[in-house]
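# Structure assessment
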Amino acid sequence: MRVNSLDGALLDFWVAKSENLKLLPEPPEAGQHHENGSGYWHPSTFHPSSDWSQGGAIIANDWYAIEDAMIEWFGPHWSFVRAVTESPLKWMMRAHVKSKFGDQVETVDPVLPGQ
């Protein structure tokens, strides 16, 4: 699957994988939020492609690789591309995944037991 077409739960899954996060052994309790830096994730609380408090930390730690991927996809003026300006966090998370795995990732089912 092309990384630049990843979206939603599938994109969040690949971001978790690129961050070497482990799946929580049990679903989080109602109202529980993802804790950045915990080393764990769960699909019900980890949404870095739509939550700046989660994705922003990843961007801050991997900015240069993310920017390199964005330049490869869109050229040096990537920050003016409409698709990027409409969904910057999503595109930066895609770029983060690209920086770890390349332009293609295997197709997986992001629906996990215990969701």
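Structure first, text after, so check above.
An account of the accompanying structure is given in this report. (Residues numbered from 1 in each chain as written. Predicted model: local features only at pLDDT ≥ 70, side-chain atom pairs only at ≥ 80, totals over all residues. Heavy atoms only, no water.)

## Here we look at the nonpolar core
- The biggest cluster of nonpolar side chains holds 25 residues, and the ones touching the most others in it are L6, W14, V15, F46, M70, M93 and V97.
- Of all the elements in the fold, those that place two or more residues in this core are α1 (8-18), α2 (52-61), α3 (63-74) and α5 (88-101).
- Those residues in contact with M70, other than ones at most four positions away along the chain, are G75, W78, V84, W91 and A95. (Core = buried A, V, L, I, M, F, W, Y, C linked by side-chain atoms within 4.5 Å. Buried < 20%, exposed > 50% of the residue type's maximum accessible area, 1.4 Å probe, protein only. Helix = DSSP H or I, 4+ residues; strand = E, 2+ residues; numbered from the N terminus. Contact = heavy atoms within 4.5 Å.)

## Quick word on the packing of α3 against α5
- Running from amino to carboxyl end, α3 crosses α5 at an angle of 100 degrees, the nearest separation of the two axes being 8 Å. One finds that α3 runs roughly perpendicular with respect to α5. For the pair α3 and α5, the contacting residues are W63, A65, I66, A69, M70, E72, W73 and F74 in the first and W91, M92, R94, A95, H96, K98 and S99 in the second. (Axes fitted to C-alpha atoms, helices over the stretch in contact; angles between N-to-C directions. Parallel < 35°, antiparallel > 145°, perpendicular 65-115°, else oblique.)

## Considerations on the packing of aromatic side chains
- By the definition in use, this model includes eight aromatic pairs.
- A centroid spacing of 6.0 Å and a plane angle of 70 degrees characterise the contact between W41 and F46, whose relative ring orientation is edge-to-face. Residue W41 shares its accessibility class with F46, and that shared class is buried.
- These aromatic residues form a ring-pair network of at least three members: F13, W14, W41, F46 and F101.
- The ring of W91 is capped by R94, whose NZ or CZ atom sits 4.5 Å from the centre of that ring. (Phe/Tyr/Trp six-rings, centres within 6.5 Å; stacked < 30°, edge-to-face > 60°. Lys NZ or Arg CZ within 6 Å of the ring centre and 35° of its normal.)

## Observations regarding the side chain of T45
- Mapped onto the fold, T45 is located in the loop between β2 (40-41) and α2.
- Those residues in contact with T45 that lie beyond four places of it in its chain are P28, Q32, H33, H34 and Q54.

## Description of the pattern of salt bridges
- Applying the stated criterion across every chain yields a total of four salt bridges.
- For the salt bridge of R82 with E86, the shortest nitrogen-to-oxygen distance reads 2.7 Å. In this pair, R82 and E86 both sit in helix α4 (residues 82-86), four residues apart, roughly one turn of the helix.
- In this structure, D103 engages K98 in a salt bridge whose closest nitrogen and oxygen atoms are separated by 2.8 Å. (Salt bridge = Lys/Arg side-chain N within 4 Å of Asp/Glu carboxyl O.)

## A few points about the environment of Y64
- Here Y64 shows up in helix α3.
- Y64 sits in the exposed class, given a relative accessible area of 66%.
- Expressed as a C-alpha distance, the spacing of Y64 and S99, which sit 35 residues apart in the sequence, is 9.7 Å.

## Considering the environment of H34
- Along the chain, the position of H34 falls in the loop between β1 (22-23) and β2.
- Sequence spacing of H34 and W52 is 18 residues, and the spatial spacing of their C-alpha atoms is 12 Å.
- If we skip the residues at most four places from it in the chain, H34 touches L21, Y40, W41, T45, F46 and Q54.

## Observations concerning the environment of T85
- Mapped onto the fold, T85 is located in helix α4.
- On the accessibility criterion, T85 (47% relative accessible area) is partly exposed.
- Counting along the chain gives 57 residues from T85 to P28, while the straight-line C-alpha distance between them is 33 Å.
- Ignoring sequence-local partners within four residues, the contact set of T85 consists of S79 and F80.
- At 3.0 Å, the side chain of T85 forms a polar contact with the backbone oxygen of R82. (Polar contact = N/O pair within 3.5 Å; in protein donor to acceptor, adjacent residues only side chain to side chain.)

So far we have only geometry, and geometry alone does not tell us how the molecule works.
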